[in-house]
Amino acid sequence: MVNIKWEELGFDYMKTPYRYISHWKNGEWDEGHLTEDNKITISEGSTCLHYGQECFEGLKAYRRKDGKINLFRPDENSKRLNRSAERMCMPEVPEEKFIDAVKQVVLANEEYVPPYGTGATLYIRPYLIGVGDNIGVVEAPEYLFSVFCMPVGPYFKGGMAPTNFIVSEYDRAAPQGTGAAKVGGNYAASLLPGYQAHKRNYSDCIYLDPATHTKIEEVGSANFFGITKDNKFITPISPSILPSITKYSLLHLAKERFGMETIEGDVYLNELDQFAEAGACGTAAVISPIGGIQNGDDFHVFYSETEVGPVTKKLYEELVGIQFGDVEAPEGWIYEVN
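Residues numbered from 1 in each chain as written. Predicted model: local features only at pLDDT ≥ 70, side-chain atom pairs only at ≥ 80, totals over all residues. Heavy atoms only, no water.

The name recorded for the protein chain in an unreviewed UniProt entry is Branched-chain-amino-acid aminotransferase, from Enterococcus pallens ATCC BAA-351. Under the heading Sequence similarities (unreviewed entry), UniProt records this for the protein chain: "Belongs to the class-IV pyridoxal-phosphate-dependent aminotransferase family." (UniProt positions renumbered as here; feature names shortened; annotations may be inferred.)

What follows is the structure, encoded as structure tokens:
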């Protein structure tokens, strides 16, 4: 076994022994293979370097109590990667190839999948980039698809606790832009506002709709949700929002497991009083409870700045229980690796 202090892991890069790589050229993908080399060599004219022709995904592998390994809805990551690829004029990676690559990487690095009960997981990063000799603003002549992984610690070191966010004056994405695609340009645009928020001791930014600046769209690199005082689960809808697999999983569980009314709709900044609880959701944190939101001189507190709301906690425990195999999953959500 590898000598890792699982409980001390953060969210940091770690070189694990194997990663998967495959090349697209002349209209088709090669078979792909595992390699121990964590460096890639690409042309200086690659479109990913100059024109941002790339996209990526993030998912996790979970060690169950019986020692087996679960993947959580990797088919949805595959579909989202291909939607991003289509938006960026790149060839799709067939779903079977995507899931096979993920499974190969997890199995090859199995000793790096953290033990059950540590709260740690194996984070998996697939990416697709345009490469090859090029200088014009056109799609690349070749593409590279790769998957690598590393163990990461639980997002909440001291247990899940609410944190505060601040409304940003910057836009994360443009109307009819690439906001719904998981591409690097969206994250590059968030670096400065995120840095400024952290400097003021907020967890991250709240991004508003770029057209009117009246509605909440995203929370940092995560999706927003709110629990109303009459127990409805509401999350923003917009063509600029990245469709979070975690969010859609929570929407399903809120409705089917807990009988809540679920709504994808507009979340106006001046109507936050309707919410008893609020949170951000995504692969890394699952759920990050929002204590309060700073908007100019106004600071709005939801359930509490120190305690997690009961509905948020219930949803978090249900979803994490499913991922680690302790709670029965809806059909098709769990893929067993070994």
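Undergrad: Explain the nonpolar core to me, using residue names and the numbers behind them.
TA: By size, the foremost hydrophobic cluster in this structure holds 37 residues, and its most contacted members are Phe98, Val102, Val106, Ile124, Leu128, Phe145 and Val147. Listed by contribution, the elements that provide at least two residues to this core are strand 1 (19–25), strand 5 (59–63), strand 6 (69–72), helix 2 (74–87), helix 3 (95–108), strand 7 (121–131) and strand 8 (142–152). Per-element accounting of this core gives the leading share, six residues, to helix 3. Among the nonpolar cores identified, the runner-up in size contains 20 residues, and Tyr62, Leu250, Val311 and Val320 belong to it. (Core = buried A, V, L, I, M, F, W, Y, C linked by side-chain atoms within 4.5 Å. Buried < 20%, exposed > 50% of the residue type's maximum accessible area, 1.4 Å probe, protein only. Helix = DSSP H or I, 4+ residues; strand = E, 2+ residues; numbered from the N terminus.)

Undergrad: So what's going on with the domain arrangement of the protein chain? Residues and values would help.
TA: For the protein chain, the assigned domains read domain 1 (6–152) and domain 2 (163–323). Relative to domain 2, the C-alpha centre of domain 1 lies at a distance of 26 Å. In this complex, domain 1 contributes 20 residues to the contact, which on the side of domain 2 involves 20 residues. Approximately 1600 Å² of surface area, both sides summed, lies buried where domain 1 meets domain 2, with 60% of it carried by carbon and sulfur atoms. Contact with domain 2 buries area across many residues of domain 1, yet Phe56, Phe72 and Arg80 alone supply 37% of it, more than any other trio. Summed over the shared surface of domain 1 and domain 2, the result is zero salt bridges. Counting across the domain 1 and domain 2 interface gives ten residue pairs in polar contact (both at pLDDT 80 or more). (Domains from an automatic or database assignment. Contact = heavy atoms within 4.5 Å. Buried area = accessible area lost by both parts, 1.4 Å probe. Salt bridge = Lys/Arg side-chain N within 4 Å of Asp/Glu carboxyl O. Polar contact = N/O pair within 3.5 Å; in protein donor to acceptor, adjacent residues only side chain to side chain.)

Undergrad: Residues and numbers for unusual backbone geometry, please.
TA: Most peptide bonds adopt trans geometry, and most residues besides glycine take a negative phi value. Its identity is not glycine, yet His213 carries a phi of approximately 55°, on the positive side. Within the fold, His213 resides in the loop between strand 10 (204–208) and strand 11 (216–219). Residue His213 is classed as partly exposed on the basis of its relative accessible area, which comes to 34%. Of note, the phi angle at Val286 is positive, near 65°, even though the residue is not glycine. Along the chain, the position of Val286 falls in strand 16 (residues 286–295). Its relative accessible area of 8% is what places Val286 among the buried residues.

Undergrad: Talk me through the UniProt feature "modified residue: N6-(pyridoxal phosphate)lysine" (unreviewed entry) in the protein chain; I want residue IDs and the actual numbers.
TA: According to UniProt, the "modified residue: N6-(pyridoxal phosphate)lysine" (unreviewed entry) feature falls on Lys182. Residue position: Lys182 is located in the loop between strand 9 (163–167) and helix 4 (184–199). By relative accessible area, Lys182 is classed as buried at 11%. The contact partners of Lys182, leaving out residues within four places of it in the chain, are Cys55, Phe56, Glu57, Gly58, Arg80, Ser84, Tyr187 and Leu242.

Undergrad: So what about the side chain of Glu217? Which residues, and what values?
TA: With respect to the helices and strands, the residue Glu217 is situated in strand 11. Within the buried core, Glu217 has no salt-bridge partner, and the shortest N-O distance to an opposite charge, that of Arg172, equals 5.4 Å. Within polar-contact distance, the side chain of Glu217 engages the side chain of Ser238 at 2.5 Å. Beyond its immediate chain neighbours, meaning those up to four positions away, Glu217 contacts Tyr207, Leu208, Asp209, Pro210, Phe224, Pro236, Ser238, Ser240 and Ile241. (Lys, Arg positive; Asp, Glu negative; His and termini not counted.)

Undergrad: Break down the packing of helix 2 against helix 3 for me, with residues and values.
TA: Interaxial distance between helix 2 and helix 3 falls to 9 Å at its minimum, and their mutual angle equals 125°. With respect to their mutual orientation, helix 2 and helix 3 come out oblique. As helix 2 runs across helix 3, the sense of the crossing is right-handed. Listed contacts from helix 3 to Pro74, Asp75, Asn77, Ser78, Lys79 and Leu81 of helix 2 are Glu95, Phe98 and Ile99. Of the residues assigned to the contact of helix 2 with helix 3, the class counts are four nonpolar, two polar and three charged. (Axes fitted to C-alpha atoms, helices over the stretch in contact; angles between N-to-C directions. Parallel < 35°, antiparallel > 145°, perpendicular 65-115°, else oblique. Left-handed = near helix turned anticlockwise from the far one by under 90°. Nonpolar A, V, L, I, M, F, W, Y, C, P; charged D, E, K, R; others polar.)

Undergrad: Which residues make up the pairing of strand 5, and what values go with them?
TA: Consecutive residues of a regular strand have side chains that alternate between opposite faces of the sheet. The element strand 5 is largely enclosed, with a buried count of five among its five residues. Every second residue of strand 5 is oriented toward a common face, with Leu59, Ala61 and Arg63 on one face and Lys60 and Tyr62 on the other, all of them buried. Note that strand 5 and strand 7 share three bridges and pair antiparallel. Residue pairing in the sheet places Ala61 in a bridge with Leu122 of strand 7. Pairing between strand 5 and strand 6: three bridges, direction antiparallel. Counterpart to Tyr62 in the pairing with strand 6 is Asn70. What sits between strand 5 and strand 6 in their antiparallel hairpin is a turn of five residues, with Gly67 showing a positive phi close to 90°. (Pairing = 2+ DSSP bridges.)

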